[in-house]
Amino acid sequence: MKPTNHLICTLFAVLTVLTGLGSGTMVGISAAAEPEVVVFAAASTTNAVTEIGAMYEARQLGRITLSFASSSTLAKQIDNGAPADVYISANKKWMDYLEKKHLLNSGSRVDLLSNRIVLIVPVDSTIKKIDVSPGFSLVTALGGEERLSIGDPDHVPAGTYGRKALENLGSWNSLKDRLAPMKDVRAALVLVERNEAPIGLVYATDAAISSKVRVAATFPLDSHPPIVYPVATIADGKAAEAKKFLSFLKSSDARKVFEKYGFSVK
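Description of the structure in this document.

The rules behind the values
Residues numbered from 1 in each chain as written. Predicted model: local features only at pLDDT ≥ 70, side-chain atom pairs only at ≥ 80, totals over all residues. Heavy atoms only, no water. Helix = DSSP H or I, 4+ residues; strand = E, 2+ residues; numbered from the N terminus. Contact = heavy atoms within 4.5 Å. Areas by Shrake-Rupley, 256 points an atom, 1.4 Å probe, with all protein chains shown as cover. Pairing = 2+ DSSP bridges. Axes fitted to C-alpha atoms, helices over the stretch in contact; angles between N-to-C directions. Parallel < 35°, antiparallel > 145°, perpendicular 65-115°, else oblique. Core = buried A, V, L, I, M, F, W, Y, C linked by side-chain atoms within 4.5 Å. Buried < 20%, exposed > 50% of the residue type's maximum accessible area, 1.4 Å probe, protein only. Polar contact = N/O pair within 3.5 Å; in protein donor to acceptor, adjacent residues only side chain to side chain. Salt bridge = Lys/Arg side-chain N within 4 Å of Asp/Glu carboxyl O.

Some details on the overall build of the protein
Phase 1 of the analysis: Across its full length, the protein carries 12 helices and 11 strands.
Phase 2 of the analysis: Across the protein, contacts joining residues at least 24 apart in sequence account for 80% of those joining residues at least 6 apart.
Phase 3 of the analysis: Roughly 13300 Å² of accessible area belongs to the protein as shown, and the carbon and sulfur atoms make up 55% of that amount.

Here's what the structure looks like:
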């Protein structure tokens, strides 16, 4: 008697299951054991968070999907319903923005990192050092009609900190019309790397990852508010998975990665 199509399909299904058990691969369990966590993080954390995400996946703790942009862009995307689980901001303002809209899981917010802002120049620049003492003129250092590369001070945290520092040092009014405002701090870095701007204002961590620029000045700590990176899980996200990754971000292994890239860990 010839086997029916139904019998052939049944035998094939049984054989598939047995083969799977024999190889030690159980797709359903594997998928359940590796849930995806969507992380929205400030552009300045790109290198560190990418490495930490890779470490998390290598330990089979879960799958990580990363999205990097300016803190304001990411916060507005979350506000508009973007499917994020964890948000890392480069300042408190945009975390406050989400918290006031009740878009964070209560009690999940913590201050994770701190940073410094610096002035950078192309590595072969004739500018050796810039004195950022009160009353200094950055316009003089720029020369001609050149512009300062900076994250847009109206919405990019690095630019906002920079504007505050320049205001406190008495240099902002003469400089505010000589800016090249960029979409995020990494874009400000690239402009100087390409020699398209003679000076840039970025985080110390951004300067540290590039061999094409060097630091010409570091702003005094008291010239601007403390640079704090808060992190939180998103109310509409995958709560358990997000909490697990947030705990990993605070681990000693993650700390080593953050410190390698120049961050101070809270």
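What about the sheet that holds strand β7 (residues 179-182)?
Phase 1 of the analysis: Taken together, five strands build an open sheet; the order of strands is β7-β6-β8-β5-β9 and the sheet is mixed. The open sheet has two edge strands with one neighbour each: β7 and β9 (213-218). Ignoring strand direction, the axes of neighbouring strands in this sheet form an average angle of 35°.
Phase 2 of the analysis: Pairing of strand β6 (residues 148-151) with β7 involves four bridges; the strand directions are parallel. Pairing of G151 across the sheet is with M182, part of β7.
Phase 3 of the analysis: Packing against the sheet, helix α7 (residues 157-168) makes contact with β5 (117-122), β6 and β8 (199-203), and its axis sits at approximately 115° to β8.
Phase 4 of the analysis: Strands in contact with helix α9 (residues 185-193) are β5, β6, β7, β8 and β9; relative to β8, the strand with the most contacts, it is inclined by about 145°.

Points about the packing of helix α4 (residues 71-79) against helix α5 (residues 92-100)
Phase 1 of the analysis: Packing of α4 against α5 brings their axes to within 9 Å, and their N-to-C directions diverge by 10°. Between α4 and α5, the angle falls in the class roughly parallel. Across the interface between the two elements, S71, S72, A75, K76, I78 and D79 from α4 touch W94, Y97 and L98 from α5.

Some remarks on the nonpolar core
Phase 1 of the analysis: Core analysis: the biggest nonpolar cluster contains 65 residues, and L119, I130, L148, L249 and F258 have the highest contact counts within it.
Phase 2 of the analysis: Excluding anything up to four places from it in sequence, L119 contacts I130, V132, L138, L148, I199, G200, L201, R214, V215, A216, A217 and F219.

Quick word on the side chain of S89
Phase 1 of the analysis: With respect to the helices and strands, the residue S89 is situated in the loop between β3 (86-88) and α5.
Phase 2 of the analysis: A distance of 2.6 Å separates a polar side-chain atom of S89 from the backbone oxygen of N91.
Phase 3 of the analysis: The contact partners of S89, leaving out residues within four places of it in the chain, are A42, S71, W94, M95, V228, Y229 and P230.

Thoughts on the pattern of salt bridges
Side-chain pairs of opposite charge can arise where the charged atoms are in close proximity.
Phase 1 of the analysis: All told, the structure shown has 10 salt bridges when counted by the stated rule.
Phase 2 of the analysis: Between R109 and D96 there is a salt bridge, and its shortest N-O distance comes to 2.7 Å. With R109 in the loop between α5 and β4 (110-114) and D96 in helix α5, this residue pair connects regions lying 13 residues apart in the sequence.
Phase 3 of the analysis: R109 sits in the partly exposed class, given a relative accessible area of 23%.
Phase 4 of the analysis: The closest approach of N and O atoms between E99 and R109, which form a salt bridge, is 2.7 Å. In this pair, E99 sits in helix α5 while R109 sits in the loop between α5 and β4, placing the two residues 10 residues apart along the sequence.
Phase 5 of the analysis: You can call E99 partly exposed: its relative accessible area is 41%.
Phase 6 of the analysis: Within the structure, one salt-bridge network assembled from shared partners comprises D96, E99 and R109.

Digging into the environment of R214
Phase 1 of the analysis: Here R214 lies in strand β9.
Phase 2 of the analysis: Measuring from C-alpha to C-alpha, the distance between R214 and K129 comes to 9.9 Å, with 85 residues separating the pair along the chain.
Phase 3 of the analysis: In contact with R214, not counting residues within four places along its chain, are L119, I120, V121, P122, V123, S125, I127 and K128.
Phase 4 of the analysis: Engagement of the side chain of R214 in a polar contact is seen with the backbone oxygen of V123, the distance being 3.2 Å.
Phase 5 of the analysis: A polar contact of 2.8 Å, which involves the side chain of R214, links it to the backbone oxygen of S125.

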